[in-house]
Structure formats: structure tokens, C-alpha cells
Amino acid sequence: MTNPATADIVDHWVDGKPWTGESDRTAPVFDPALGVAQRSVRMATAEDVGVAVAAAAAALPGWSDSSVATRHRFLLNFRELLNARKDELASILTAEHGKVLADAAGEVARGLEVVEFALSMPHLLKGEFSQNASTGIDVYSVREPVGVVGIISPFNFPAMVPLWFFPIAIAAGNTVVLKPSEKDPSAANWLAELAADAGLPSGVLNVVHGDKEAVDALLTHPRVAAISFVGSTPIADYVYRTAGAHGKRVQALGGAKNHMLVLPDADLDLAADAAVNAGFGSAGERCMAVSVVLAVDTIADDLVSRVASRMTGLRTGDGRRGCDMGPLITREHRDRVAAYLDTAVADQARVVVDGRDSAIDGDPNGFWLGPSLIDRVPVTSAVYRDEIFGPVLSVVRVEGFEQAVEIVNASPYGNGVAIFTNDGGAARRFQRQVNVGMIGVNVPIPVPVAYHSFGGWKASLFGDAKAYGPNGFAFFTREKAITSRWLDPSHGGIDLGFPRNS
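Throughout, a residue's number is its position along its own chain's written sequence, starting from 1. Thresholds applied to this predicted model are a pLDDT of at least 70 for local features of residues and 80 or more for the giving and counting of side-chain atom pairs; totals over whole chains, interfaces and linings are not thresholded and use all residues. The basis for the side-chain values is all heavy atoms of the structure; hydrogens and waters are excluded.

## Quick word on the overall build of the protein chain
Moving on, step 1. By the criteria applied, helices consist of DSSP H or I runs no shorter than four residues and strands consist of E runs no shorter than two, each listed in order from the N terminus. Within the protein chain one finds 16 helices and 25 strands.
Moving on, step 2. Computed over C-alpha atoms, the radius of gyration of the protein chain comes to 25 Å, within 12% of the 23 Å expected from 2.2 N^0.38 for 502 residues, which places it in the range of a compact globule.
Moving on, step 3. Expressed along its principal axes, the backbone C-alpha trace of the protein chain runs to roughly 100 × 55 × 40 Å.
Moving on, step 4. Between buried and exposed lies partly exposed: a residue is buried under 20% and exposed over 50% of the maximum accessible area for its type, with that area taken using a 1.4 Å probe on protein chains only. When burial is assessed residue by residue, the protein chain has 56% of its 502 residues classed as buried.
Moving on, step 5. To be clear on the numbers: accessible area is Shrake-Rupley with a 1.4 Å probe, and residue cover counts the displayed protein chains and nothing else. Total accessible area computed for the protein chain in this model is approximately 20,400 Å², and 51% of it derives from carbon and sulfur atoms.
Moving on, step 6. Residues counted as positive are Lys and Arg, residues counted as negative are Asp and Glu, and His and the chain ends are not counted. Working definition for charges: the position is that of NZ of Lys, CZ of Arg, CG of Asp or CD of Glu. Computing the positive centroid from 44 side-chain charges and the negative centroid from 57, the protein chain places the two 4 Å apart. Put simply, the radius of gyration uses C-alpha atoms, and a globule should come to 2.2 Å times the residue count raised to 0.38.

So this is what it looks like as C-alpha cells:
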């Protein structure tokens, strides 16, 4: 098996093999820890996307008619190969995204969970049966694939997010065209080749690289039946509206501004550890990162002190050197995130830890910004309102529980939220009152395990279906209901006009 992260150029993967496409347009792929382009990636035209969709459409009849046992056997093989080679995939993630190897290994592990959940497909694809719903009439339902599925995945989880979707889509009998981020494209090709090694027929899983032209081609192609997307809220809204206007089923997961409420009775050491881990893991480039700590006034000074003291021990640097936090994905994104520290000062907040001053264990040209902590952030500030998507943790001070809930519910986002407390009644009341899709109680990043479903509320999710879990199989299948009646043999049957012996 080839390693696309060592090639000079990353090709598309169409109909079971690498494919150059017809376009000569490319984009650079950087190693963020070095700050230099290591290779380039081909950028698909709309016509190139059409070739990939045609390959998926050609493979659809055979794959959708394949037995459940055949699909299950592929998933078993794929799971074993992925588990055996997970360290190789983690290295690719670190080289192109920049996250440290421990975070990369965690990403692969969470994706592997969904592959293992997809092995439940023989049970989850079963229909229902009602015998004798009316005299001599039975009613039953079956689940069938929707067709060719388009998956558009983001830069921050180049392996996990595709693994949230395509194993379930394929298990359900669909074929797939995956469009990963052009910033870190190699993981998608690696997964597609691994699937082929596991026995997946050509054309069932295809990968095309590109930018908005490729995305729009998927959203509007008449042979694409459904779109799964993860990214920022403005783009999720665009994907939902555009694909929906072209008659497609859509699940579009958007951005977030996740809060963590710390009540006075909480274990402050546990809360401080959680804030650091959830705020700065993967350099804050994750939609479930804790970006706002809501600290009740009476314990806010103590909590801020504990968080700041833990931050001094974090090593920022090259993810291959055993550091705690790596670089940001691009120089432009690093500069945008760093600018929020100046915004904080202008808005009368207090920068407790300035990540621009961090010592770096890495190449000076890398896209570095150390962990940053900002206290007394007003909710009117862009530092609070915007999804910063970087290692910036804000502290908003609140008088108590009620004000905290009001702040959470006033946010346009509703992805994740956490509460830290030892009061069961407060926790129960909190989970009932907040308008958020995923809630953690003394758990800072409440990403559900694979046999539940992932997704938020409000501007964090467009469409009715969450990712993976039971929602995943529901999204990638259509229910067909059959009402049948067979004449009883005693009726004598129907005279079809054949000759008879008297």
C-alpha cells in the first residue's frame, strides 16, 4: 500500500485507483510544524467530480444488491486493517494537520469506534413486520440505500469525520464520493486504498480533491442523492440550502461556541484540568472544544489561577517531538486567531496568558500560537461571540446558575456544553434547561460514543439527522413499506387460463 503523504502530488482516487483528473490546477499541502509546502494536491473541476460520481453510480447496482454478509465481511476486514495500521494513519495526520501524535491517535481511535458500530448493520438494517394487520393482509417495511452519497469533510479531523460517515453509508449499500479538505488530503486517499485492500469493489468509495468548485459540483449533481457535511456554520448553511434546493437529503454539521459552567461546589482541580484539556487539545481546532468557561464569581479567581498554573506546563511544538500542542493549520489561520488577543484588550478583558509569548519546541517557521487564557471577557466582545477555532480559552464571570443558563441559551450555537458540579439536582436542572444538543456532566467534551449519535442544535446542525449512531443508518437508508395479501390455498387460487386435465 502506498503512502500518499510521501508523494509529491496527491491524486484523486476514482474507480479503485489513483486518478489525475483532467485539471492541471493544484494547491500546496503544508506541514504546519515546518511552515513549508511538502507536496501539492490536485484540484478537481466539476467535470472531474462528474467522473467520480459516474464511477459511484456504476458501482451502485452491484453493491446495493450485495448480501448483508458480503458488506459485513468487508467491514470486518477493514476494521482489522485499520486497527493494525492505525499508527501509520496517525503519522499522516500529524504531518499534514499538525496535531500531536497523541491527539492523532485519539482521532483514529474515535473513527475506529464508528467502523465497529457499523458492524451492527445486520441488525440495524432490519425492517418491521405486522402480521394480519387486516384480515389476510400483512404490512412490513424494509430499509434500502439512498444511492450515491457525497461526503464533504473538514481539515480538523481528516480521518475521523470521513470515518463517521462512509463506513455506515457503505454498510447500508450506498456508494460514496468523498471530498476532503484540500489542506490535509492524504488521509482520505490512505483510507480509500485501505478499503480496497479490505475487498471493497472499485467505485464504491471514491475521493476527489478540490475547493468550492468541487463542493458545488457535488451539491448540484443530479446523481448524488444525499450530502453529509462537517464544517463552519456559514458553509453548513450554504450546503444545506444548495443541496436541498437540488432535491438532496442533507445533514450539515456546523460550528460551535461551547460553554463550560463551573459551580462553586465543583472540584476545581478537576474543572481546571478539564478546561485545559478541552480548550487546547488539537490546538483548539475542533468543534467540541471548550472555548468559554462560565465561572461563578465566588470561585472565579481561584479557578483562573488553577487553569493558568496548568498552562505553564504545556509544551507547544512539533507533534513528533512529544509536545502537548501542535501548530495551527495555516499561517493565515494562526494570524486570525492571534488577532483576537488584541481584540480582547480593546474590549477591556484581561489577557492572563498570551500564547504569542510561548516558547516553541519546533521550527521557527511553523504556524505557532501557544495556549492563551483571557479573563473577564464581556459577552458583547467578538472574542466571546465568534468561533475562534484556536487555542484561546475565554472566562466569562457569572453571578450564578440562572445567568449562566441565560448566556448559554442566548448563543446562536448549540453544539456542546458542560457543567461541573457535585450537586445532582443542579446538573439535572441544567441538562433540562439548556438548548444544546450534547451535554457533559463533569465531562468537558461530551462527544457521544459511536452507538449514540453526534450533533448539536440551532446553528450547529442543519437538517434533521445527526452523525453516526442510529441517526446515521436512518440518514443513509430509505424506508419502503409493503402491504401484501395472498389468497389462501383453500380459495382455489386464480385461474390463469392454463390447460387442465379433467
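## Quick word on the pattern of salt bridges
Moving on, step 1. Salt bridges, as used here, are contacts in which a Lys or Arg side-chain nitrogen is within 4 Å of a carboxyl oxygen on Asp or Glu. Taken as a whole and assessed by the stated rule, the structure comprises 29 salt bridges.
Moving on, step 2. One salt bridge in this structure joins E144 and K480, with 3.1 Å as the shortest N-O distance. Here K480 lies in strand β25 (residues 477-485) and E144 lies in strand β7 (residues 137-145), a separation of 336 residues in the sequence.
Moving on, step 3. Looking at E144, the relative accessible area reads 31%, which means it is partly exposed.

## Quick notes on the side chain of K248
Moving on, step 1. By the secondary structure assignment, K248 is in the loop between α9 (233-245) and β12 (249-253).
Moving on, step 2. For this analysis, a polar contact is any N or O atom pair within 3.5 Å, provided that within protein one partner can donate a hydrogen and the other can accept it, and provided that sequence-adjacent residues contribute only side-chain to side-chain pairs. Separated by 2.5 Å, the side chain of K248 and the backbone oxygen of H221 make a polar contact.
Moving on, step 3. There is a polar contact of 2.8 Å between the side chain of K248 and the backbone oxygen of V224.
Moving on, step 4. Two residues form a contact once any of their heavy atoms are found within 4.5 Å. Those residues within four positions of K248 in sequence are excluded, and the remaining contacts are L218, L219, T220, H221, P222, V224, A225, I227 and A243.

## Here's the deal with the layout of surface pockets
Moving on, step 1. Here the term cavity refers to a set of points on a 1 Å grid, laid over the protein atoms alone, in which a 1.4 Å probe fits but cannot get out; the term pocket refers to an open set having protein on both sides within 12 Å along at least five of seven lines, with lining residues being those that place an atom within 4 Å of a point. Grid points are joined across faces, edges and corners, and a volume is the space filled by probe spheres set on the points. Taken as a whole, the largest pocket spans an internal volume of roughly 780 Å³.
Moving on, step 2. Along the wall of the largest pocket there are 31 residues; nearest its centre are F155, F229, G231, S232 and I235.
Moving on, step 3. Mapped by element, the contributors of at least two residues to the lining of the largest pocket are α8 (212-220), β11 (224-230), α9 and α12 (331-346).
Moving on, step 4. The biggest single contributor to the lining of the largest pocket is α9, with 4 residues.

## Focus: the sheet that holds β7
Moving on, step 1. With respect to topology, 3 strands assemble into an open sheet ordered β6-β7-β25, the strand pairing being antiparallel. Each having just a single partner strand, β6 (129-134) and β25 make up the two edges of the open sheet. Averaged over all adjacent pairs, the angle separating strand axes in this sheet is 30°, with direction ignored.
Moving on, step 2. Whether two strands pair comes down to DSSP finding at least two bridges between them. In terms of strand pairing, β7 meets β25 through 9 bridges, oriented antiparallel. Of the residues in β25, the one forming a bridge with P145 is T477. Helix axes use the C-alpha atoms of the stretch in contact, all axes being lines fitted to C-alpha atoms, and the angles between their N-to-C directions lie in the range 0 to 180 degrees.

## A word on the domain arrangement of the protein chain
Moving on, step 1. Residue ranges assigned to each domain were obtained from an automatic or database domain assignment. You can read the domains of the protein chain as domain 1 (9-255 + 455-482) and domain 2 (258-412 + 416-441).
Moving on, step 2. One C-alpha centre belongs to domain 1, the other to domain 2, and the line joining them spans 31 Å.
Moving on, step 3. Listed as interface residues are 28 residues of domain 1 and, on the opposing side, 32 residues of domain 2.
Moving on, step 4. When the two sides are added together, the surface that domain 1 and domain 2 hide from each other amounts to roughly 2,300 Å², 60% of it contributed by carbon and sulfur. Throughout, the accessible surface (probe 1.4 Å) given up by two parts as they are put together, summed over both, is called the buried area.

## Some details on the packing of aromatic side chains
Moving on, step 1. Each aromatic pair joins two rings of Phe, Tyr and Trp (for Trp, the six-membered one) with centres within 6.5 Å, and gets the label stacked for planes under 30 degrees apart, edge-to-face for over 60, and tilted for any other angle. Taken as a whole and assessed by the stated rule, the structure comprises 14 aromatic pairs.
Moving on, step 2. For the pair F475 and F476, a centre-to-centre distance of 5.1 Å together with 80° between the ring planes defines the contact as edge-to-face.
Moving on, step 3. A relative accessible area of 1% places F476 in the buried class.
Moving on, step 4. By way of ring pairs, the aromatic residues W63, F74, F78 and F166 are connected into one cluster.
Moving on, step 5. A ring is considered to have a charge above it if a Lys NZ or an Arg CZ atom is located within 6 Å of its centre and within 35 degrees of its normal. In this arrangement the basic side chain of R249 is found over the ring face of F475, its NZ or CZ atom lying 5.9 Å from the centre.

## Overview of unusual backbone geometry
Moving on, step 1. Positive phi values are uncommon outside glycine, yet F389 reaches one of about 60°.
Moving on, step 2. Topologically, F389 is positioned in the loop between α13 (382-385) and β19 (392-398).
Moving on, step 3. Here N442, not a glycine, exhibits a phi torsion of approximately 60°, which is positive.
Moving on, step 4. Its location among the elements puts N442 in the loop between β22 (438-441) and β23 (457-458).

## A word on the environment of A225
Moving on, step 1. Positionally, A225 belongs in strand β11.
Moving on, step 2. Exposure remark for A225: the relative accessible area of 24% places this residue in the partly exposed category.
Moving on, step 3. Sequence separation of A225 and G400 is 175 residues, and the distance between their C-alpha atoms is 48 Å.
Moving on, step 4. Those residues in contact with A225 that sit more than four places away from it in its chain are V146, V148, K248 and R249.

## Observations regarding helix α14 (residues 401-410)
Moving on, step 1. For α14, the complete set of buried residues consists of F401, A404, V405, I407 and V408. What you see down the axis of α14 is that its buried residues fit within an arc of 160°, all on one side. Of the exposed residues in α14, the ones pointing more than 90 degrees away from its buried face are E406 and A410. Here the arc refers to the set of directions running from the helix axis out to each C-beta atom.

## Here's the deal with the pairing of β12
Moving on, step 1. Counting buried positions over the 5 residues of β12 gives 4, a clear majority of the element.
Moving on, step 2. Sheet topology note: the β11/β12 ladder contains 5 bridges and is parallel. In the sheet register, F229 faces β12, and the bridge partner there is A252.
Moving on, step 3. The path from the first strand over the helix to the second decides the hand: if it runs clockwise while the strands point away from the viewer, the crossover is right-handed. Taken together, β11, α9 and β12 constitute a β-α-β crossover, and its handedness is right-handed.
Moving on, step 4. In terms of strand pairing, β12 meets strand β24 (residues 461-462) through 2 bridges, oriented antiparallel. Following the sheet pairing, L253 is matched in β24 by L461.

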